[in-house]
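Descriptive analysis of the structure
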Amino acid sequence: MEQQEEKRKIKAYQRKSKRSKSGSSSIPLDLVSEILLRLPEKSVARFRCVSKPWSSITTEPYFINLLTTRSPRLLLCFKANEKFFVSSIPQHRQTFETWNKSYSYSQLIDRYHMEFSEEMNYFPPTESVNGLICFQESARLIVWNPSTRQLLILPKPNGNSNDLTIFLGYDPVEGKHKVMCMEFSATYDTCRVLTLGSAQKLWRTVKTHYKHRSDYYDSGRCINGVVYHIAYVKDMCVWVLMSFDVRSEIFDMIELPSSDVHKDVLIDYNGRLACVGREIIEKNGIRLWILEKHNKWSSKDFLAPLVHIDKSLSTNKFLLKGFTHAGEIIYVESMFHKSAKIFFYDPVRNTSRRFELKGFTDDEFVLSNEHGYTLHVFPNHVESQISFT
């Protein structure tokens, strides 16, 4: 049935493409779409202005879904004063395989910055979910599309608190994003949910069925249409993994595999949710607890000798940011100054890649900051041409 539905969508898309020509050009629109699919996302966004037919192509849900199937990238950003600096690099092995284990790269694949109020006080962003990211700026909730560089300011949820825990989910069946929020570190049996792209743009109250609180701003993960986050259930006096089905908007509670896991670190491991154990395995290893079918857990130990990559960096603090789709562990410096160091480690091949990102910005005032900046990293980021206009 799924294959028949996919064929139906392809045929409908092709029929629509062939019904008209590309403005003043004689190029059929189905050929235009094939060309656009081979361009960087910022070029796709720019060519949207060529004509109405081209704009129609790039905003088609099927075209947008095709864009997300391209190779994922590692998105990086940081805030300095009133500017928000953004860059992205490809994360697949082929890009770096001819390089040495320790290297620098000064030519960015893409970079830009956005202007914000200097007084802006924002909380850590969510993960990148099918190309979109959500964060809180002062009392406002904002959805950001890094590909189109658009920001969508959401209506304020009911309530007096400006301190919220936010999650972003995506339903792959209906192709819809939903924002979920609750008051930070407060115990409730409800949360607020808003569907992006809906006509009413109103927050709804959804029952969670369990009185719980979330003490972590950025611990949520959306995998296969389910948002997971770690929460404390008041009636049971226990930490659990909460799940939220984005399509049905139903909550469930899953027992954690161990009390000795990082409560602020959830990882997408090969399309499955994973918790990271606190215990160091054999001096240089980590243990992942992987959520399997029927909410059962399995464990897998990985050798992750980050210090052995470069012993001079042993005093630096590196944070585990997740896995690439190729199975590499990603480590990033918690703070950076003029350059950002990123490590990819393949535990199966026992190989590593060091990536030193330079040229993030030419702003000398920003580069002169001795305290450094917090670098936000989004593994497996995909392009999206979803428009908020």
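Residues numbered from 1 in each chain as written. Predicted model: local features only at pLDDT ≥ 70, side-chain atom pairs only at ≥ 80, totals over all residues. Heavy atoms only, no water.

Under an unreviewed UniProt entry, the name given to the protein chain is F-box-like domain superfamily, and the organism recorded is Arabidopsis suecica.

**A word on the overall build of the protein chain**
Secondary structure summary: the protein chain contains 7 helices and 26 strands in total. Of the contacts formed within the protein chain by residues at least 6 apart in sequence, a portion of 53% connects residues at least 24 apart. Summing over all exposed atoms, the protein chain offers an accessible surface of approximately 19700 Å²; the carbon and sulfur share of this is 49%. (Helix = DSSP H or I, 4+ residues; strand = E, 2+ residues; numbered from the N terminus. Contact = heavy atoms within 4.5 Å. Areas by Shrake-Rupley, 256 points an atom, 1.4 Å probe, with all protein chains shown as cover.)

**Re the pairing of strand 21 (residues 329-333)**
With respect to burial, strand 21 is a largely interior element, 5 of its 5 residues being buried. Of the two faces of strand 21, both are covered, the one formed by Ile329, Tyr331 and Glu333 as well as the one formed by Ile330 and Val332. The pairing of strand 20 (residues 318-323) with strand 21 spans 5 bridges and is classified as antiparallel. Counterpart to Phe318 in the pairing with strand 21 is Glu333. As consecutive antiparallel partners, strand 20 and strand 21 are separated by 5 residues, and within that stretch Gly327 has a phi angle of approximately 95°, a positive value. Pairing of strand 21 with strand 23 (residues 340-346) involves 4 bridges; the strand directions are antiparallel. Bridge pairing in strand 23 links Ile330 to Phe344. (Buried < 20%, exposed > 50% of the residue type's maximum accessible area, 1.4 Å probe, protein only. Pairing = 2+ DSSP bridges.)

**Remarks on the nonpolar core**
Core analysis: the biggest nonpolar cluster contains 32 residues, and Val143, Leu154, Val179, Met180, Leu196 and Phe244 have the highest contact counts within it. Looking at this core, the elements with two or more residues in it are strand 6 (140-145), strand 7 (150-154), strand 8 (164-171), strand 9 (176-183), strand 10 (188-195), strand 13 (226-233) and strand 14 (238-245). Top contributing element to this core by residue count: strand 8, with 5 residues. If we ignore the near neighbours within four places in the chain, the residues touching Val143 are Leu132, Ile133, Cys134, Gln150, Leu151, Leu152, Leu154, Val179, Leu196 and Phe388. (Core = buried A, V, L, I, M, F, W, Y, C linked by side-chain atoms within 4.5 Å.)

**Re a nonpolar patch on the surface**
A contiguous nonpolar surface patch, about 230 Å² in accessible area, is contributed by Ile27, Leu31 and Ile35. With respect to the element layout, Leu31 can be found in helix 2 (residues 29-36). Note on Leu31: relative accessible area 43%, which makes it partly exposed. (Patch = residues over 30% accessible without salt bridge, like charges linked within 9 Å, V, L, I, M, F, W, Y side chains within 5 Å. Salt bridge = Lys/Arg side-chain N within 4 Å of Asp/Glu carboxyl O.)

**Considerations on the sheet that holds strand 6**
With antiparallel pairing, the 3 strands of this open sheet are ordered in space as 5-6-7. Looking at the sheet topology across the chains shown, the edges are occupied by strand 5 (133-137) and strand 7. Along the sheet, successive strands turn relative to each other by an average axial angle of 30°, direction set aside. Bridging between strand 5 and strand 6 involves 5 bridges; their strand directions are antiparallel. Looking at strand 6, one finds that Cys134 is bridged to Val143. (Axes fitted to C-alpha atoms, helices over the stretch in contact; angles between N-to-C directions.)

**Some remarks on unusual backbone geometry**
Leaving glycine out, the prevailing phi sign among residues is negative, and the prevailing peptide bond configuration is trans. A positive phi is found at His209, a non-glycine position, where the angle reads about 70°. Given a relative accessible area of 59%, His209 falls into the exposed group.

**Describing the sheet that holds strand 16 (residues 261-269)**
In spatial order, the strands read 16-17-18-19; together these 4 strands make up an open sheet with antiparallel pairing. Both edges of this open sheet fall to strand 16 and strand 19 (297-303), since each of them pairs with a single strand only. Strand after strand, the sheet turns through a mean of 30° between neighbouring axes, direction not considered. In the sheet, strand 18 (residues 285-291) pairs with strand 19 via 7 bridges, with the strands oriented antiparallel. Of the residues in strand 19, the one forming a bridge with Ile290 is Ser298.

**Examining the pairing of strand 5**
Taking burial as the measure, the 5 residues of strand 5 include 5 buried ones, the bulk of the element. Neither face of strand 5 is exposed, since Ile133, Phe135 and Glu137 on one face and Cys134 and Gln136 on the opposite face are all buried. Following strand 5, the chain reverses through 2 residues before pairing antiparallel with strand 6; Ser138 in that reversal takes a positive phi of roughly 55°.

**So, the pattern of salt bridges**
Think of it this way: side chains of opposite charge can pair up when their charged atoms draw near. With the rule as written, the count across this model stands at 11 salt bridges. Taking the shortest distance from any N to any O, the salt bridge between Arg287 and Asp301 comes out at 2.7 Å. Residue Arg287 is found in strand 18, and its partner Asp301 is found in strand 19; the two are separated by 14 residues along the sequence. Among the residues examined, Arg287 registers a relative accessible area of 25% and is labelled partly exposed. Glu328 is paired through a salt bridge with Arg353; the nearest N and O atoms lie 2.6 Å apart. Here the residue Glu328 occupies a position in the loop between strand 20 and strand 21, and Arg353 occupies one in strand 24 (residues 351-357), the gap between them amounting to 25 residues. By relative accessible area, Glu328 is classed as buried at 2%. Taking relative accessible area as the criterion, Arg353 reaches 9% and is therefore assigned buried. Taken together, the shared-partner salt bridges in this structure form one network comprising Glu174, Lys176 and Arg247.

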